[in-house]
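Chain residues, written in single-letter form:
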Amino acid sequence: MAGRKQHYLPQHLLRGFEASKVGKKTQVVVYKKGARPYVTSTEGVASQRDFYSKPGDGVTDTLDDLITAFEGSMFNPFLDQARLVTPDELLSAESAATAVVHLTVRASHLRGAFALLMQKMLTQLDDLLSDPEVVRKLVDIDSTNPQSPLSEEIKKVFDALPIEVFPEKERAILEKMARFKAREKFDVQMREFTPVLREQLSILGGELPRMVVRGHTKVLEQSLVPAPRLEALRRLHWRVFSAESPSHFVLPDCAAIASTVSGRIQPVAMSSDEEISWVAMPISARQVLIGYTGSEPPVVSNLNEHFVKCSLEFFVSSIFHADLEVATSHMGELLEALTVDLMEESFVSARLGCGESATEASTSSIRIVPVIIHSNEGKSTDISQLIQRIVAQQCDVREANRLESIVVTDDVCIEVARLYGRELSPYEEAVKMGGTIELVPDTVSSSFRMFLPERVVRTMGAADVRMSQWATVLVTHLLGQMSYFIYWFEHIVPMSEGRVFTLRQRIALELTHRFSSHYCGSVKTAQAANESELREEDEHLSVHAVTVALGAIEVARQQFIAHQSVDALLPDVVPALDILLGTLAKYCGRYLSDAESRRLSRTTPTAEYLVRVGLWEWLNLFGPELHRHRKSMERKSSSIEQVLALSEHVERVLWQYGIFLSDVEDGRLWVDACDEEHLGAVRSVLNS
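Rules and cut-offs
Residues numbered from 1 in each chain as written. Predicted model: local features only at pLDDT ≥ 70, side-chain atom pairs only at ≥ 80, totals over all residues. Heavy atoms only, no water. Helix = DSSP H or I, 4+ residues; strand = E, 2+ residues; numbered from the N terminus. Contact = heavy atoms within 4.5 Å. pLDDT = per-residue confidence, 0-100. Buried < 20%, exposed > 50% of the residue type's maximum accessible area, 1.4 Å probe, protein only. Pairing = 2+ DSSP bridges. Expected span 1.5 Å × (residues − 1). Bend = angle between axes of the 7 residues up to and from the residue. Phe/Tyr/Trp six-rings, centres within 6.5 Å; stacked < 30°, edge-to-face > 60°.

Draft legend 1. Here's a closer look at the overall build of the chain. The helix and strand tally for the chain stands at 24 helices and 18 strands. Counting only contacts in the chain whose residues sit at least 6 apart along the sequence, the fraction spanning at least 24 positions is 74%.

Draft legend 2. How the structure looks around the confidence of the model for the chain. Predicted confidence across the chain gives a mean pLDDT of 85, with 89% of residues reaching 70 or more. Here residues 347–361 is modelled with pLDDT under 50, and outside its nearest four sequence neighbours on either side it reaches 39 contacts, counting other chains as well. Note on residues 371–378: pLDDT under 50 across the span, and 15 contacts to partners over four residues away in sequence or across chains.

Draft legend 3. Examining the pairing of strand 3 (residues 25–32) more closely. Among the eight residues of strand 3, six are classified as buried, and the element is accordingly described as predominantly covered. With three bridges connecting them, strand 2 (residues 20–22) and strand 3 associate as antiparallel partners. Across the sheet, the residue bridging to Lys-21 is Thr-26, located in strand 3. In this antiparallel pair of consecutive strands, strand 2 and strand 3, the connection spans two residues, and Gly-23 shows a positive phi of 65°. Summarising the sheet, strand 3 and strand 4 (residues 38–41) pair through four bridges and their orientation is antiparallel. Among the inter-strand pairings, Val-29 is bridged to a residue of strand 4, identified as Val-39. Between strand 3 and the antiparallel strand that follows it, strand 4, lie five residues; Gly-34 among them carries a positive phi value of about 80°. Note that strand 3 and strand 12 (residues 314–317) share four bridges and pair antiparallel. Its bridge partner being in strand 12, Val-30 is matched across the sheet by Val-316.

Draft legend 4. Expanded view of helix 7 (residues 168–222). An ideal rise of 1.5 Å per residue puts 81 Å on 55 residues; helix 7 reaches only 50 Å between its terminal C-alpha atoms. Along helix 7, the sharpest change in direction is near 50° and occurs at Glu-207; proline Pro-209 comes one to four residues later.

Draft legend 5. View of the packing of aromatic side chains. Counting across every chain of the model gives 10 aromatic pairs. Judged by centre distance (4.9 Å) and plane angle (45°), the rings of Tyr-8 and Phe-51 are tilted. With Tyr-8 in the loop between strand 1 (5–7) and helix 1 (11–14) and Phe-51 in the loop between strand 5 (47–49) and helix 2 (63–82), this pair connects stretches of sequence that are 43 residues apart. Tyr-8 gets classed as buried once you look at its relative accessible area, which sits at 7%. A residue is classified by how much of its surface remains accessible, and Phe-51, at 3% relative accessible area, is buried. Consider the rings of Trp-618 and Phe-622, whose centres lie 4.9 Å apart with planes at 20°: the pair is stacked. Note that Trp-618 and Phe-622 are positioned in helix 22 (residues 616–634) at a spacing of four residues, about one turn of the helix. A relative accessible area of 0% means that Trp-618 is categorised as buried. Classification of Phe-622 by relative accessible area gives buried; the value is 0%.

What follows is the structure in structure tokens.
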């Protein structure tokens, strides 16, 4: 029957690293990190009271009884045989693999490694709770995939509702609303539940040591030699190699190490079965057991260095040596590297970069075409130089090369109509007359032309500083829009090739394309000097535009209830949405570009108005999602799924006014609009 002092590295193995003898007791040198090496008996090394199990009743074998019996019947006889063979002899792959697997699985090192990894994961989770954006990505809260975890949970809720017949279209709309509200509420709920989650993580951290012990014990109770690992190691060829004095081997607390096919060294217990190229386990101070793939044994160097770096708490040697004492500072390095990699695989992909992309300043000269400009020649030259300077400051070389020309005219709409060879609609004229950036048709690579009103350009460099700033902001904003348009055509459009979008999706994507460009333009202007001085006046314009746009959507709803014509509804609703989303995208760009918290203030007139109409929570999702989209644009890591999620904001605004869009089987658009009674119920749900 085994005793209470239970060895996780067998004494029979430890005696092979004898430093001296005191009577019948073998002594070894123990090296620990941050401590002086010391000599002690093997009885006190790699052992712990009741490490595997408490004493049994003498009838039923305990886990320690089973391990002790395994040592006597299998491990010790194999070790004796291995210490006597010559380097030319191949050992039984079954016996060698069994010995190595058993020893590496039972060692305390495995407990320590898992405890370290789990503690770091808990710490990482605690850190992540401070960053809702990372948590959003981890839980996939913003996914539009109908098979996402959130979508599946919402389906389960609707399946459990006591409703016998639920029309498919209405259910799809309600599920979409529920999913979107979860996105809106997520950050608020994260702030509310973070203290509770942190408390639970703290409790879990306190319970962690006991959890690891229970898990390790359970694994050993199931098998002292786990079959999957045994199968992997029995494929290796096994030999014993000797070191001539004064060379020697140390025994790491992980017992054995492995090399991956890429040459990475790590403890055997932490290695993937498919990756192992060779395995090394010291069996005495002068001998090491090597298992390897292929027909020839590997050329292995610096084994002691690897043994030390793979050790977690200690390693054993037969000698005192200054180099070994110095080497203790490197204990745990390879395990730490492995832990970092595992953490990166689990979490880092969810972390969003927050640094600005480095760009090369433009030195290109843009062709400025003064179609009609009433200024003297010297004044025109000065204005041209000012515009060139803004382009050089705001665009990198690649972007500047895509700006075909800048047209200065007293009638922007006429010049844009000439570019496209058609008349502009009244709405197009309204949004373009103040200045616009347009894609030049029929160009091999997407090129853009900027149109600026002469009356605005003439104020650049004028004595009226405020008007000059407005002109600078306009040019800067249009350049920011162009940056986004370039990205859209180079990256987003190719991603969507081969996909068929419904009319509902095409409308939403076109609006997304436009309001995202306004966000990028507004971020550029917010970063420009003195732009903050213009915010007060711009704030009044924002409130007016939002009020007019929402009023137009409300009127369109009422008219649709009467005429029930989708073709009549769209020309009213789409321009209103374009104005609303573009205005609020610019608003978010101004206030979020320099806000570390990515949270909007409720104290501005625009914010106060949106609170009154029930769209404040929505705006606090809209702004951060635009920010994330722009950051992914800088890293060129956007996906079509991200753009589709962003496009859902179009429908979210319509829901607030009782307008619901659906796809019909043939790809056409179906519209439902609530009457006054049902509109109140819808808003109550959306604002709850």
